[in-house]
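Observations on the model geometry
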Amino acid sequence: MSRRQADNNKVDIEISLVNFDDSKSMDIKPLVAEVSVYYDLFNSVIKTDMLISDGVGLVERFPIVGDEKIVLRMKSVNEKRAKTFIFDVYKLSNRAILEERQHGYVLHGMSRHGIQDTMENVNIAFQDTPISDIVTKVFESHLSAAGEKSVDVEATEGTFSVVGTGQSPTQFINMLGKEAQSTQYKDTSTFLFYEDNEKFHFKTLSSLFSGEPVEKYYLSDPSDSKLKDGKGSVKPYQSIMGLSFNEGFNTLDGMINGVYKNNVEVIDPILRKFESIDFSYLDDFDKLTHMGGKKYLSTSGAISKGKKSIHSRLLISQISDKDYKTESYLNGKTGGDILLNAPRLRHKFLNQSISEQYNMGQHTIDLSVSGNTNLEVGQIISVFIPQPSDVDDDKQKFIKLYGQKASFLITAMKHTYKAADDMFITVMSCVKESFGAEIKYDFK
């Protein structure tokens, strides 16, 4: 690592521990060997781990009993203002004797909303209400008291009736996410409920795929003018310090999980109707929302020629597009039945959602870069990785199938500070849900 790049890994950091009754606060930065903050699109709250080297008897004297708060402030050299995180301590693990009169252990914490979630349950009935409104009301009534964060909710189609049966707020909201149909992305409504630095989000994968890149990262020396995207100089913090390819294609997994073909069968017990809905990745590709826009499969390959799907789902739902109360033999007979008046919509998008969701496990990479708390999960970044080839025509190109402007979605992220090295690093797990170039034979 160059001196200039190492300077970009510096951070101003403050770490305080607040005791069980909020009466005392202690600077524990000298005791912290390492701290990590975790974000994940598929987990609802932010978490942290802190490795403590304790030679002052902190556990017994403070004391640490599982009802404390951690206040963490971080600002890297590339950021204009510090980020403040407040975590509730919920676990102490791996306690061991490092040497005489010195113990080591890990403190685990999560955002205050996560602790609030475990102390709340939803026992409310909602009738003929848009799911987006239900999510907002549940968040405001059960989670907002934990802190100042708000919730950003994507608009949903139609109305829904549901009764809470004691689920935690996040469980209830994630359940609603499986039933919700996006107003904007009706064909692909895979909703996620997650937390970032600023707020909570109830959004579809499709809306995240539609975002614009917020940053560029290069697997090359910043001073190497041969590998740039032609739009200005590369800043040191944009240099990739470490990269690993976690997953490439897995066509067997894709076939089993319904990425390429799947079937949804729908039974309507009221109208006594049955419908079978098939999905084909190649035929229905344009129904999906994409970052790259080019198919993972060739139209002439063996998988594309398969006729049947081995992945099937069965749903109980309403097949008619009309309200039950307008059907001829039900007119005036549905009364106040909340389910009949606000039927499920899930079968209208489940095929595409299955493909979209399981496709997230293919073509994933991990990037290590200079610490940057301005990045958020759910954002798009451009990743420029040189094409692995000694052919002269390839030496000034980036990986061809990813495209020369390769966009990746950040699905998980970890900020890590290591005291011994005085180094702040951000590690991102990213996914490419479609290629940036057509599949073709390219050897000369």
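First, a word on scope: everything that follows refers to the structure included in this document. (Residues numbered from 1 in each chain as written. Predicted model: local features only at pLDDT ≥ 70, side-chain atom pairs only at ≥ 80, totals over all residues. Heavy atoms only, no water.)

Take the sheet that holds strand E17 (residues 312-316) next. Two strands in a sheet stick together by hydrogen bonds in their backbones, pointing the same way (parallel) or opposite ways (antiparallel). Spatially, 3 strands are ordered E16-E15-E17 in an open sheet, and the strand pairing comes out mixed. Among the strands making up the open sheet, the edge pair consists of strand E16 (273-280) and E17. Taking each pair of neighbouring strands and ignoring which way they run, the sheet shows an average axis angle of 20°. Of the strand pairs in this sheet, strand E15 (residues 261-268) and E17 are connected by 5 bridges, and their pairing is parallel. Paired with Ile-267 across the bridge in E17 is Ile-316. Helix H9 (residues 350-358) contacts E15, E16 and E17 of the sheet and is inclined by roughly 145° relative to E15. (Pairing = 2+ DSSP bridges. Helix = DSSP H or I, 4+ residues; strand = E, 2+ residues; numbered from the N terminus. Axes fitted to C-alpha atoms, helices over the stretch in contact; angles between N-to-C directions. Contact = heavy atoms within 4.5 Å.)

This part covers empty space enclosed by the protein. Counted under the stated rule, the structure contains 3 cavities of 30 Å³ or more. If you add up the space inside the largest cavity, you get close to 70 Å³. Looking at the largest cavity, the residues that line it are Phe-209, Tyr-281, Leu-288, Thr-289, His-290, Ser-355, Glu-356, Asn-359, Met-360 and Glu-433. Among the residues making up the lining of the largest cavity, the classes are represented as 4 nonpolar, 4 polar and 2 charged. (1 Å grid on protein atoms, 1.4 Å probe; cavity = no way out; pocket = protein on both sides within 12 Å on 5 of 7 lines; lining within 4 Å. Points joined across faces, edges and corners; volume = space filled by probe spheres on them. Nonpolar A, V, L, I, M, F, W, Y, C, P; charged D, E, K, R; others polar.)

On the secondary structure map, Ile-385 appears in the loop between strand E19 (380-384) and strand E20 (407-418). Look at Ile-385 and you get buried, because its relative accessible area is 4%. When the C-alpha atoms of Ile-385 and Phe-398 are compared, they prove to be 5.2 Å apart, with 13 residues separating the residues in sequence. In contact with Ile-385, not counting residues within four places along its chain, are Leu-219, Leu-243, Phe-245, Phe-398, Ile-399 and Tyr-402. (Buried < 20%, exposed > 50% of the residue type's maximum accessible area, 1.4 Å probe, protein only.)

On to the sheet that holds strand E9 (residues 151-153). Reading across from one edge, E9-E12-E11 is the order of the 3 strands in this open sheet, with mixed pairing throughout. The sheet terminates laterally at E9 and strand E11 (191-195), the two strands that pair on one side only. In this sheet, adjacent strand axes meet at a mean angle of 15° when their direction is disregarded. Packing against the sheet, helix H4 (residues 131-142) makes contact with E9, E11 and strand E12 (200-204), and its axis sits at approximately 175° to E9. With respect to the sheet, helix H5 (residues 169-179) is in contact with E11 and E12, its orientation differing from that of E11 by roughly 150°.

Here we take up a nonpolar patch on the surface. Taken together, the side chains of Leu-252, Met-255, Ile-256 and Ile-310 present a nonpolar region at the surface, about 400 Å² in accessible area. Looking at the element boundaries, Leu-252 is found in helix H7 (residues 251-257). A relative accessible area of 56% places Leu-252 in the exposed class. (Patch = residues over 30% accessible without salt bridge, like charges linked within 9 Å, V, L, I, M, F, W, Y side chains within 5 Å. Areas by Shrake-Rupley, 256 points an atom, 1.4 Å probe, with all protein chains shown as cover. Salt bridge = Lys/Arg side-chain N within 4 Å of Asp/Glu carboxyl O.)

So, about the pattern of salt bridges. Per the stated rule, a full pass over the model turns up 10 salt bridges. As a salt-bridge pair, Glu-157 and Lys-186 come within 3.5 Å of each other at their nearest N and O atoms. Here the residue Glu-157 occupies a position in the loop between E9 and strand E10 (160-163), and Lys-186 occupies one in the loop between H5 and E11, the gap between them amounting to 29 residues. For Glu-157, a relative accessible area of 29% gives the class partly exposed.

This part takes up the nonpolar core. Counting 56 residues, the largest nonpolar core has Ile-15, Leu-72, Ile-381, Leu-409 and Met-428 as the members making the most contacts within it. For this core, the leading source of residues is E20, giving 5 residues. Leaving out residues up to four positions away in the same chain, Leu-409 has contacts with Leu-41, Leu-205, Leu-208, Phe-209, Met-291, Met-360, Gly-378, Gln-379, Ile-380, Ser-429, Cys-430 and Val-431. Of all hydrophobic cores here, the second largest spans 22 residues; its members include Val-45, Ile-131, Ile-134 and Val-135. (Core = buried A, V, L, I, M, F, W, Y, C linked by side-chain atoms within 4.5 Å.)

Here we take up the environment of Tyr-105. Looking at the secondary structure, you find Tyr-105 in strand E7 (residues 102-111). The class for Tyr-105 is buried, based on a relative accessible area of 1%. Through-space distance from the C-alpha of Tyr-105 to that of Leu-51 is 6.0 Å; in sequence the pair is 54 residues apart. Beyond its immediate stretch of four places on either side in the chain, Tyr-105 contacts Met-50, Leu-51, Ile-52, Asp-54, Leu-58, Val-59, Ile-64, Leu-92, Ser-93, Asn-94 and Arg-95. Within the structure, the side chain of Tyr-105 is placed 2.9 Å from the side chain of Asp-54, a separation counted as a polar contact. (Polar contact = N/O pair within 3.5 Å; in protein donor to acceptor, adjacent residues only side chain to side chain.)

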